[in-house]
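# Commentary on secondary and tertiary structure
Spelled out, the chains give:
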Amino acid sequence: MNDDRTAFAQRLLASAQFECSAAALRQTPAPDRPEVAFAGRSNAGKSSIINRLTRQKSLARTSKTPGRTQLLNFFTLGEDARLVDLPGYGFAKAPPSLRRDWHRMIEGYLQGRDSLVGLVVIMDARRPLTDTDIQMLQWCAARPLPCMILLNKADKLSKGAAGAAKQQVIRAIEGAATVVLVSARTGTGLDEAQRAVVDLLLPQSV
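Below: a short report on this structure. Since the model is a prediction, treat every value here as computed from it, not as a measurement. (Residues numbered from 1 in each chain as written. Predicted model: local features only at pLDDT ≥ 70, side-chain atom pairs only at ≥ 80, totals over all residues. Heavy atoms only, no water.)

## As for the nonpolar core
If you look at the biggest cluster of nonpolar residues, it comprises 33 residues, and the most contacted ones within it are Leu86, Tyr109, Leu110, Leu119, Met136 and Ile149. Dropping the residues within four chain positions of it, Leu110 is found in contact with Leu86, Leu116, Leu119, Met136, Trp139 and Arg143. Counting 31 residues, the second largest nonpolar core, distinct from the first, contains Ala16, Leu77, Leu190 and Leu201. (Core = buried A, V, L, I, M, F, W, Y, C linked by side-chain atoms within 4.5 Å. Buried < 20%, exposed > 50% of the residue type's maximum accessible area, 1.4 Å probe, protein only. Contact = heavy atoms within 4.5 Å.)

What follows is the structure, given as structure tokens:
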């Protein structure tokens, strides 16, 4: 069954196409289908993870300069669902006023978007939870909304250290999200992550 679910998830996510970008909530497309959003610190590899999950090299823009995602970017999965790439937080080289605007936009989207069915928070497995990571989880809990943490760059740790990092996050969040070790570089954990994303979007399919 897992093999069927993985194949379906891979096909669905590979159908992703850019729809639009929004600099404000009023510019977002109609909430007419389920959406899973991706959030994360600017150097955690969020765009790389989205590209690996969708098996596309440049669906989400990657950059050597952290914090380049400054808009809400929407991607359609046929007529059935959407993925949403939220502005990265933490290391963005931008004026404080602009960072505050991004923060308010993310908060407004997570708390008020009717079609949002889940959030994926991308973290660097080598870095501890930040205050903003915790804020994301709190916004999800307030709705309540399912949340998953992908601990990226697991390949940069030994197997034992990666497992310890995962357990540390699990203890810290006290059940607020599921936690999966992944690597955008090697593909570790991506099958599990793909299934989990599609389970959020289309829980009754396959």
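## Observations concerning the pattern of salt bridges
All chains considered together, the criterion is met by twelve salt bridges. Between Arg113 and Glu35 there is a salt bridge, with the nearest N and O atoms lying 2.6 Å from each other. Taken together, the residues Arg113 in the loop between helix H3 (96-112) and strand S5 (116-124) and Glu35 in strand S2 (residues 35-40) connect sequence positions 78 residues apart. A salt bridge links Asp101 to Arg104; its shortest N-O distance comes to 2.4 Å. With Asp101 and Arg104 both in helix H3, this residue pair falls three residues apart, about one helical turn. Through salt bridges with shared partners, a single ionic network connects Glu19, Asp32, Arg33, Glu35, Glu79, Arg82 and Arg113. (Salt bridge = Lys/Arg side-chain N within 4 Å of Asp/Glu carboxyl O. Helix = DSSP H or I, 4+ residues; strand = E, 2+ residues; numbered from the N terminus.)

## Considerations on helix H6 (residues 190-201)
Think of an α-helix as 3.6 residues a turn; residues three or four steps apart then line up on the same face. Over its twelve residues, H6 runs 16 Å from end to end, which matches the ideal 16 Å to within 8%, given 1.5 Å per residue. Those residues of H6 not exposed but buried are Leu190, Ala193, Gln194, Arg195, Val197, Val198, Leu200 and Leu201. (Expected span 1.5 Å × (residues − 1).)

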